[in-house]
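Understanding the architecture of this molecule
Here is how the chains run, residue by residue.
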Amino acid sequence: MSQPIKDVAIVGAGPVGMSLAMELAALDVSVTLIDAAPCTALASPDDDGREIALTHASRKQLTAVGIDIPAGQMAPIREARLYNGASSRGMTLASARGEGEDSIGQLVANHVIRRAAFEAVQGSGRIELVTGRRVSALGTCSGGRSVLLDDQSQITARLVVAADGRLSATRRLAGLSAQVHDTGQRLLVRRMAHTRPHREVTWSWFNGERGLALLPLAGDTASLVMTLPPHQAERLKALSAEAFATEATRLYRNSVGEMRCSGALHDYPLVVSRADHLVADRVALVGDAAVGLHPVTAHGFNVGLASVRRLVEALTHHDQAVRDVGAPAQLAIYARHHQRAILPLWHASRALVTLYGDTRPPARLVRHLALGAARRAAPLQWLMESYLARH
Ligand SMILES: Cc1cc2nc3c(=O)[nH]c(=O)nc-3n(C[C@H](O)[C@H](O)[C@H](O)COP(=O)(O)OP(=O)(O)OC[C@H]3O[C@@H](n4cnc5c(N)ncnc54)[C@H](O)[C@@H]3O)c2cc1C
């Protein structure tokens, strides 16, 4: 017996896919959420070492749809600073100011967000969850699309949303092209305890082919995020915990005193991506499937949540009534609005990484001048702050 057509099938129960499912369920839209991972892995996600910077707007958006992050699991960020190589002169990218705000956002572990979102999805009663299944083909049907899964079962929906990450298979199955850039670098992430306070400041240093960031967590602990060429990553990975801590203390120039490992070392390939078009016939891309930014922006999830908000606004025309969900005119509005918002961040982050990753003397000089100019005119600060204010 064929199943009735659903309103929306979302491929990918990551933090963005689950947030979208909750927003749509609140509007009485019928949703099927599909993920390749087994249900047990989604219910108790492993600690993947990622610390997500949540803006105040993102946190409000999550709370509004019933995704509650426990207050004790959040660490405030008061300032974000950027340094050029060995220079001690840095610039403030963003800082807490304005009425009533004593932080620019909060750091939350990715697995904490995923668990909270999964609990909300399970409690909603309006979302059908299909786990342990991959999408193998997309077809068309009257007024919608069919999604063929790898167990040969089929789901039909008026709209298919790809939320399956930066290497999205659904994007490819829908025939949507993307710029996928494998930087060839590795991203090492590790939680550390340290002897001097971090003062709730995120610090980023770029030094030729190496990028180092420190994200302040609760108490005297921080997450180290290192962008490295493979040979440097392999060297660090081979060290004992004690030797790694000594090396990290040296690399971070003793900025938070002596360090000690307090978490496992995680290693990611550094791939960034951007879809050329965000929609196709009754298909839309959200989250990292739409744009997978360089972690230097610390905005991947915030931008993903903004894509959810823009898609829901386009589907509802702001009037809370979803009629023909996935109609081409609605999708075109979404694509226009989200593409316009992400392009400046995409280009700015690519330019920043290119400029700060270049070891040649002219680039060092440009960097030095850029930091000097930025301290006065602060174009990047303006970009980041206006983005934080708007999103
Ligand atoms: C080391 C690191 C640090 C980061 N730090 C930050 C930060 O500080 N701030 C920030 O905002 N962002 C950060 N990000 C980015 C952030 O993690 C992503 O933007 C966010 O996870 C994107 O969520 P998503 O739901 O779109 O995709 P994902 O989290 O990638 O989820 C995709 C889901 O789709 C499923 N899936 C994949 N393929 C298929 C398929 N074929 N069929 C069915 N299901 C499928 C997967 O199982 C997964 O559950 C960081 C990323 C990394 C790697």
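Here the structure is a predicted model, which is why all the values come from computation and not from measurement. (Residues numbered from 1 in each chain as written. Predicted model: local features only at pLDDT ≥ 70, side-chain atom pairs only at ≥ 80, totals over all residues. Heavy atoms only, no water.)

1. A closer look at helix α4 (residues 110–124)
The line we're drawing: Note on conventions: DSSP H or I runs of at least 4 residues are helices, E runs of at least 2 residues are strands, and numbering of each starts at the N terminus. Given the number of residues in a helix, its expected span is that number minus one, multiplied by 1.5 Å. Any residue under 20% of the maximum accessible area for its type is buried, any over 50% is exposed, and the rest in between are partly exposed; the area is computed with a 1.4 Å probe on protein chains only.
End to end, α4 covers 21 Å across 15 residues, agreeing with the expected 21 Å (1.5 Å per residue, within 8%). If you check which residues of α4 are buried, you get N110, H111, V112, I113, A116, A117, F118, A120 and V121. At the exit of α4 stands G125, carrying a positive phi of roughly 75 degrees.

2. Focus: the site of the ligand
Formally: Residues are classed as near a molecule or strand on a simple rule: at least one heavy atom within 4 Å of it. Any pair of N or O atoms that falls within 3.5 Å is considered a polar contact. Within protein, one atom must be able to donate a hydrogen and the other to accept it, and sequence-neighbouring residues count only if both atoms are side-chain atoms. All accessibility values rest on the Shrake-Rupley procedure with a 1.4 Å probe; residue burial counts only the protein chains present in the view. Side-chain classes are defined by residue name, with Ala, Val, Leu, Ile, Met, Phe, Trp, Tyr, Cys and Pro counting as nonpolar, Asp, Glu, Lys and Arg as charged, and the others, Gly among them, as polar.
In the vicinity of the ligand, 30 residues are found, and the nearest of them are D35, R50, E51, D288 and F301. In the model, an oxygen atom of the ligand is placed 2.5 Å from a nitrogen or oxygen of the F301 main chain. Look at the ligand: alone it shows 1,000 Å² of surface, and the protein chains cover 87% of it. When contributions to the shell around the ligand are tallied by element, the ones reaching two or more residues are α1 (15–25), β3 (51–54), β12 (178–194) and α8 (300–316). Its residues placed into classes, the shell around the ligand shows 15 nonpolar, 7 polar and 8 charged.

3. Side note on unusual backbone geometry
A positive phi angle, near 65 degrees, is found at D28, a position not held by glycine. Along the chain, D28 falls in the loop between α1 and β2 (31–35). Residue N254 is not a glycine yet carries a positive backbone phi of 60 degrees.

4. Some words on the pairing of strand β14 (residues 210–216)
When a strand is regular, its side chains alternate between the sheet's two faces. Keep this limit in mind: Strands pair, by our definition, only if DSSP identifies at least two bridges between them.
β14 sits mainly inside the fold: 6 of its 7 residues count as buried. Here strand β13 (residues 201–207) pairs with β14 via 5 bridges, running antiparallel. Paired with W203 across the strands is L214, a residue of β14. In sequence, β13 turns back onto β14 through a hairpin of 2 residues, with G208 there showing a positive phi of about 60 degrees. As paired elements, β14 and strand β15 (residues 221–228) share 6 bridges and run antiparallel to each other.

5. Remarks on the pattern of salt bridges
Just so we agree on the cut-off: For this analysis, a salt bridge means a side-chain nitrogen from Lys or Arg found within 4 Å of a carboxyl oxygen belonging to Asp or Glu.
Tallied over the full model, the rule gives 17 salt bridges. Put simply, E200 and R78 hold a salt bridge, and the shortest N to O gap is 2.3 Å. Residue E200 is found in the loop between β12 and β13, and its partner R78 is found in the loop between β4 (74–77) and β5 (79–84); the two are separated by 122 residues along the sequence. With a relative accessible area of 22%, E200 lands in the partly exposed category.

6. So, the pairing of strand β11 (residues 154–162)
Of all the 9 residues making up β11, 7 are buried; the element is thus mostly covered by neighbouring parts of the structure. Direction of pairing for strand β1 (residues 6–11) relative to β11: parallel, over a ladder of 5 bridges. Each residue of the ladder has a partner; that of V8, found in β11, is L159. Both strand β10 (residues 144–149) and β11 contribute to a ladder of 4 bridges, which runs antiparallel. Looking at β11, one finds that R145 is bridged to A157. Pairing of β11 with strand β19 (residues 283–285), which is carried by 3 bridges, proceeds in the parallel orientation. Bridge pairing in β19 places A162 opposite L285.

7. Looking at the environment of T140
Test applied: Contact criterion: two residues are considered in contact whenever any of their non-hydrogen atoms come within 4.5 Å of each other.
Position of T140 among the secondary structure elements: in strand β9 (residues 135–141). With residues near it in sequence (within four places) discarded, T140 still touches R145, S146 and D281.

8. A few points about the nonpolar core
Rules: Buried Ala, Val, Leu, Ile, Met, Phe, Trp, Tyr and Cys residues form a nonpolar core when they are joined through side-chain atoms within 4.5 Å.
Ranked by size, the top nonpolar core spans 68 residues in total, and within it I10, L24, V147 and L311 carry the most contacts. Every residue in contact with V147, bar those within four places of it in the chain, is listed here: A9, I34, V135, A137, L138, S153, Q154, I155 and V160.

9. Comments concerning the sheet that holds strand β7 (residues 105–109)
Selection criterion: Orientation is described by lines fitted to C-alpha atoms, with helices fitted over the stretch in contact, and by angles between N-to-C directions that extend from 0 to 180 degrees.
Reading across the sheet, the 3 strands line up as β3-β7-β4 and stay open at both edges, with antiparallel pairing between neighbours. The sheet is open, and its two edges are formed by β3 and β4, each paired on a single side. Strand-to-strand twist of the sheet, defined as the mean angle between neighbouring strand axes without regard to direction, takes the value 30 degrees. Here 4 bridges tie β4 to β7, and the two strands are oriented antiparallel to one another. Considered in β7, the bridge of A75 is made with L107. The sheet strands contacting α4 are β3 and β7, and the helix crosses β7 at an angle near 85 degrees.

10. Side note on the packing of aromatic side chains
Short version of the rule: Each pair of aromatic rings taken from Phe, Tyr and Trp, with Trp reduced to its six-membered ring, is defined by centres within 6.5 Å and is described as stacked if the planes are under 30 degrees apart, edge-to-face if over 60, and tilted in the remaining cases.
Scanning the entire structure with this criterion turns up 2 aromatic pairs. With 6.1 Å between their ring centres and 75 degrees between their planes, W203 and W205 make a pair best called edge-to-face. Owing to a relative accessible area of 7%, W205 belongs among the buried residues under this scheme. Ring geometry for W205 and Y252: centres 5.3 Å apart, planes at 90 degrees, overall edge-to-face. Here W205, found in strand β13, pairs with Y252, found in the loop between α7 (241–251) and β16 (259–261); they are 47 residues apart in sequence, far enough to count as distant. Summarising the burial analysis for this pair, W205 and Y252 share the class buried. Members of the aromatic cluster, connected to one another through ring pairs, are W203, W205 and Y252.

By themselves, these observations are geometric and do not establish any function.
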